[in-house]
Amino acid sequence: MPDRGGGPHGPRIRVGRPSRRARTLLMTLGLLAVLAMAFVMFSGFWTDWLWYRSVHYSSVFTTTLWTKIGLFFVFGLLMAAAVGVNVYLAHRLRPPLSAMSMEQQNLDRYRMGIAPYKKWVLLTVCALVGLIAGASASSQWRTWLMWTNSTPFGTKDPQFHVDVAFYAFDLPWYRFLLSFGFAAVVLSLLAAVLVHYLYGGLRITSPGGRATAAATGHLSVLLGLFVTLKAVAYWLDRYSLAVKSGNLRSNDWTGLRFVDANAYLPAKTILFAIAIICALLFFATLWRRTWSLPLIGFGLMVLSAILIGGLYPAIVQKFQVQPNEAAKEQPYIQKNIDATREAYGIDHTEVTDYSGTSGDDKEKLRSDADTAASIRLLDPNVVSPTYQQLQKVRGYYAFPSTLDVDRYTIDGKEQDTVVGLRELNLEGIPQHSWINDHFKYTHGYGVVAAKGTTTTSSGEPDFIEYNLPTKGDLGTYQQRIYYGEQTKQWSIVGDKSTPEIDYITDDQGEKSYTYTGKSGVALKNPVTRLAYAVAFGEPQIFYSGAVGDDSQILYNRMPKERVEAVAPWLTIDGDSYPAIVDGRVVWIVDAYTTSNGYPYSSRTTLGDTTADSLTDGQRAVLAQQNQVNYIRNSVKATVDAYSGKVTLYQWDTKDPVLKTWMKAFPGTVEPRTAISDTLMAHLRYPQDLFKVQRELLTRYHITKASTFYSGSEVWEVPNDPAAKTGKSVPPYYLSLKMPDQNAQVFSLTTTFTPNKRENLSAFMAVDADAKSADYGAIRVLKLPSNTTVSGPQQVQSQFNSDPDVAEKIRLLKGGDSEVEYGNLLTVPLDGGLLYVEPVYVRGAGTNYPLLKKVLVSYGGQTEFEDTLGQALDAVFGVDGEKPPPPPDSGDGGGTEPPAAGDATVAQALEDAQQAYEAGQKALREGDWGAYGQAQKDLADALKRAQEAEKTG
């Protein structure tokens with residue numbers, strides 16, 4: 001057995017405090033860790049401040065920052081004070097001696113354990129609830145700024161007759177205050193109950209009274225405050241009925257119904273009165289010291305909420321509304337129609353009956369077809385690969401996948417133009433390195449533009465601005481593109497010791513350039529360099545010798561990103577587009593003010609409404625709030641592609657939401673009069689607003705409540721027949737002449753079909769030219785409901801099923817070529833509708849489309865020819881009738897062509913293959929003359945093959 005006596009022990013290990021040297025080291029490491037974390041937080045704040053200062057919108061940063069800080073501290077302190085005071089009162093009101101019971105004896109352990117740390121526990125609890133409340137309140141900075149700077153709409157709601165500004169600006173803030181009040185009272189009540197129980201003021205199992213008089217009075221006051229807030233909630237609920245959604249068989253239908261006005265509204269008023277009485281009964285407990293009356297009052301309030309607020313409206317809906325819903329709801333539907341049309345700017349839509357058929361002779365139709373519209377054959381959604389192939393020049397340049405449509409005056413005539421910028425594409429850099437990616441390859445170069453209405457004989461774009469450096473008809477301008485839709489990387493520029501690659505040409509070689517703009521953040525200060533090294537996770541920014549005293553860092557370089565940053569209260573259109581204005585390339589960005597609080601106006605989800613077959617991540621609308629029921633294109637913004645300068649212009653001078661934000665951020669928005677004439681020439685009606693309005697007009701073109709209720713005239717936006725994605729057809733920019741107009745106007749157009757049908761029900765166009773006196777005027781041509789004018793999907797189907805067209809398509813696909821369909825344009829023409837669709841071919845071995853054919857359809861007649869003129873001639877039968885189809889043999893099968901025909905077709909296809917190979921060789925060698933001749937030979941060979949196939 002081991003010896004347990006007091007004999008000698010083995011050596012003892014003495015565990016003592018660390019040495020002073022070790023403690024100093026640990027404290028130093030801890031201090032460094034804290035400083036490192038603090039600097040990481042500081043770097044984010046500091047770089048943000050420097051960026052806003054570099055774009056001259058530091059007031060946006062400071063206003064937003066101080067508003068958030070103010071809300072954080074005010075509401076954080078209020079919450080901490082509310083909880084802290086009630087904990088303090090509960091502790092002060094504790095009984096002097098606790099009852100001798102097992103319950104209290106068990107609690108004594110907790111009281112004794114907390115006693116030495118009571119102050120620290122109280123401070124910790126208060127700090128925790130204060131931080132949470134302050135963080136929540138700081139996120140309401142937009143609500144606060146709108147409330148403190150609210151501007152009247154000048155329009156009153158039809159139920160309560162208060163200005164719309166109350167619902168848009170005031171009610172959201174009152175709702176926040178109410179929710180904060182509920183949170184403060186509930187947390188205070190919970191904290192008070194816990195302290196009273198801990199110190200004997202409340203007892204569960206002890207003999208005698210369950211609560212002391214002091215605890216009863218304290219908790220009664222808190223419960224009275226809770227019920228008072230509930231009374232306020234009932235009162236605000238009355239107004240919230242005007243902006244409540246989810247009624248009348250539609251989740252986005254907004255406003256009061258019959259049951260709301262005649263059951264819920266009086267119920268809320270009665271419940272408000274009952275809640276006030278109940279609150280007074282709770283406050284009376286301070287003197288009566290009994291729970292009986294307030295509990296009876298509270299039970300009455302709950303019962304009333306069930307019977308009056310729930311059961312009574314259900315009875316009214318069941319026995320008064322449902323038997324005669326159309327008549328009962330008619331006045332409320334009319335209020336919804338009027339408010340929705342006003343809130344979305346569609347109240348002045350001009351709806352005109354349109355026959356859909358024409359009685360004019362064919363010669364007049366053919367003549368009028370030339371002036372009805374400038375038919376855009378160059379589809380900006382298809383030809384980007386062609387721009388890439390013919391005008392990219394270097395692998396590190398790229399064009400966006402969808403180009404833009406603009407207008408330029410060429411030879412004294414305004415021309416619809418398809419435009420793209422040659423932006424920097426980092427993926428195409430020959431050799432990646434930190435210096436190449438961020439110092440050498442920093443910018444794109446030049447505008448490339450082509451006529452929208454014509455192409456070359458080989459089907460290529462008819463460029464009016466081309467090559468590198470660019471030349472053409474658009475004049476002299478700063479061609480370097482430092483800011484663009486594809487420019488996502490950051491760059492360091494401006495120091496002459498590290499020049500950038502400007503561009504490279506075959507005859508002049510590599511050209512260098514040093515950025516002279518002032519849009520970046522200067523990196524001369526080592527603290528700034530360190531801050532960016534931490535913020536970007538790029539330590540080389542701090543110590544690299546390539547960063548000189550004149551260096552500046554460029555980032556946030558996408559136009560939509562910059563506008564959203566300097567104006568976080570705006571919703572940004574999904575499509576920014578470039579224009580040459582006063583010798584500069586600028587990005588034009590449309591921006592919207594929105595609200596979710598317009599009474600009676602139906603809501604729409606922006607992300608869904610603005611999606612179509614072309615929408616992708618880049619072209620998606622950026623929305624602060626995705627569901628809105630009021631929208632205005634109130635701001636036109638520009639971003640200089642070289643300097644990055646952001647300018648906001650007031651466009652809608654009557655919009656109260658914009659006026660509110662202009663008061664909150666004074667000096668950030670320039671007046672409309674500051675827009676130059678050259679900039680005005682390129683402003684246009686925005687696509688996303690148009691898509692929102694067309695979606696609303698599928699229902700709200702109806703202005704009579706009875707017809708609206710029946711749903712018999714509901715339209716829908718057809719799916720894109722060419723894309724085959726099941727998504728809506730995109731709106732198209734097109735210069736056209738509506739029936740009431742004397743000349744062509746740059747417009748944005750779309751079509752409608754009846755609900756669940758494919759024939760055409762209406763055509764919609766909006767005047768998109770900002771110079772026009774009728775800018776923004778919406779015109780809708782409504783076809784008779786019994787007319788079977790083909791819609792876009794039917795026209796595409798007729799085209800695909802035509803045997804003559806199918807044969808031509810087969811020939812175009814010869815040699816593994818691919819056929820792509822362009823935008824199916826719709827043009828009103830002398831009572832009928834003209835459809836035009838360009839057809840492109842990607843030759844085997846190529847990756848870019850060329851225009852080869854044009855589809856034209858009018859009055860059920862479809863033609864497919866080499867040029868628009870030929871197709872129009874054929875469809876109207878001006879230059880000869882369409883040749884008859886080959887005769888049938890009578891035995892159910894077609895006649896076999898003679899062998900000579902086979903030989904002719906084979907020879908033509910062989911010639912086409914040789915011409916194609918010659919063109920590819922010329923393209924690789926850069927011989928554009930030979931390439932053009934080869935394309936002509938290819939077109940001629942394909943035409944001969946087609947003619948031989950017909951006659952064979």
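Residues numbered from 1 in each chain as written. Predicted model: local features only at pLDDT ≥ 70, side-chain atom pairs only at ≥ 80, totals over all residues. Heavy atoms only, no water.

**Some points on the packing of helix 1 (residues 20-54) against helix 2 (residues 58-92)**
Here comes step 1: At a closest axis distance of 7 Å, the pairing of helix 1 and helix 2 adopts a crossing angle of 140 degrees. In terms of orientation, helix 1 and helix 2 fall into the oblique class. Along the contact surface, helix 1 presents F45, D48, W49, Y52 and R53, while helix 2 presents S58, V60, F61, T62 and L65.
Here comes step 2: Each residue belonging to the contact of helix 1 with helix 2 can be placed in one class, and the counts come to 6 nonpolar, 2 polar and 2 charged. (Axes fitted to C-alpha atoms, helices over the stretch in contact; angles between N-to-C directions. Helix = DSSP H or I, 4+ residues; strand = E, 2+ residues; numbered from the N terminus. Parallel < 35°, antiparallel > 145°, perpendicular 65-115°, else oblique. Contact = heavy atoms within 4.5 Å. Nonpolar A, V, L, I, M, F, W, Y, C, P; charged D, E, K, R; others polar.)

**Focus on the packing of aromatic side chains**
Here comes step 1: Under the criterion given, the structure shown has 51 aromatic pairs.
Here comes step 2: Ring-pair connections join several aromatic residues into one group, and the members of that group are F75, W144, W147, F160, F166, Y167, W173, Y174, F176, F180 and Y239.
Here comes step 3: Cation over ring: R684 sits above Y577, and NZ or CZ is 3.8 Å from the ring centre.
Here comes step 4: Positioned above the aromatic ring of F864 is the side chain of K853, whose terminal nitrogen or guanidinium carbon lies 5.9 Å from the ring centre. (Phe/Tyr/Trp six-rings, centres within 6.5 Å; stacked < 30°, edge-to-face > 60°. Lys NZ or Arg CZ within 6 Å of the ring centre and 35° of its normal.)

**Examining the sheet that holds strand 4 (residues 404-410)**
Strand pairs in the sheet, formed through backbone hydrogen bonds, run parallel or antiparallel to each other.
Here comes step 1: Ordered by their spatial adjacency, 5 strands build an open sheet running 4-5-8-9-10, and the pairing between neighbours is antiparallel. Of all strands in the sheet, those bounded by a partner on one side alone are strand 4 and strand 10 (471-472).
Here comes step 2: Pairing geometry for strand 5 (residues 413-421) and strand 8 (residues 447-455), over 5 bridges, is antiparallel. Counterpart to V419 in the pairing with strand 8 is A449.
Here comes step 3: Sheet contacts for helix 12 (residues 384-391): strand 5, strand 8 and strand 9 (461-466); angle to strand 9, the most-contacted strand, approximately 55 degrees. (Pairing = 2+ DSSP bridges.)

**Description of the sheet that holds strand 16 (residues 552-554)**
Here comes step 1: Taken in spatial order, the 3 strands make up an open sheet running 12-16-15, and their pairing is antiparallel. Looking at the sheet topology across the chains shown, the edges are occupied by strand 12 (491-493) and strand 15 (521-522).
Here comes step 2: Relative to strand 16, strand 15 runs antiparallel, the two sharing 2 bridges. What sits directly across from A522, in strand 16, is Q552.

**Notes on helix 9 (residues 292-321)**
Here comes step 1: Between its terminal C-alpha atoms helix 9 stretches 41 Å, which fits the 44 Å expected from 30 residues at 1.5 Å a residue.
Here comes step 2: Roughly 30 degrees is the biggest bend found in helix 9, and it falls at L311, with proline P313 one to four residues downstream. (Expected span 1.5 Å × (residues − 1). Bend = angle between axes of the 7 residues up to and from the residue.)

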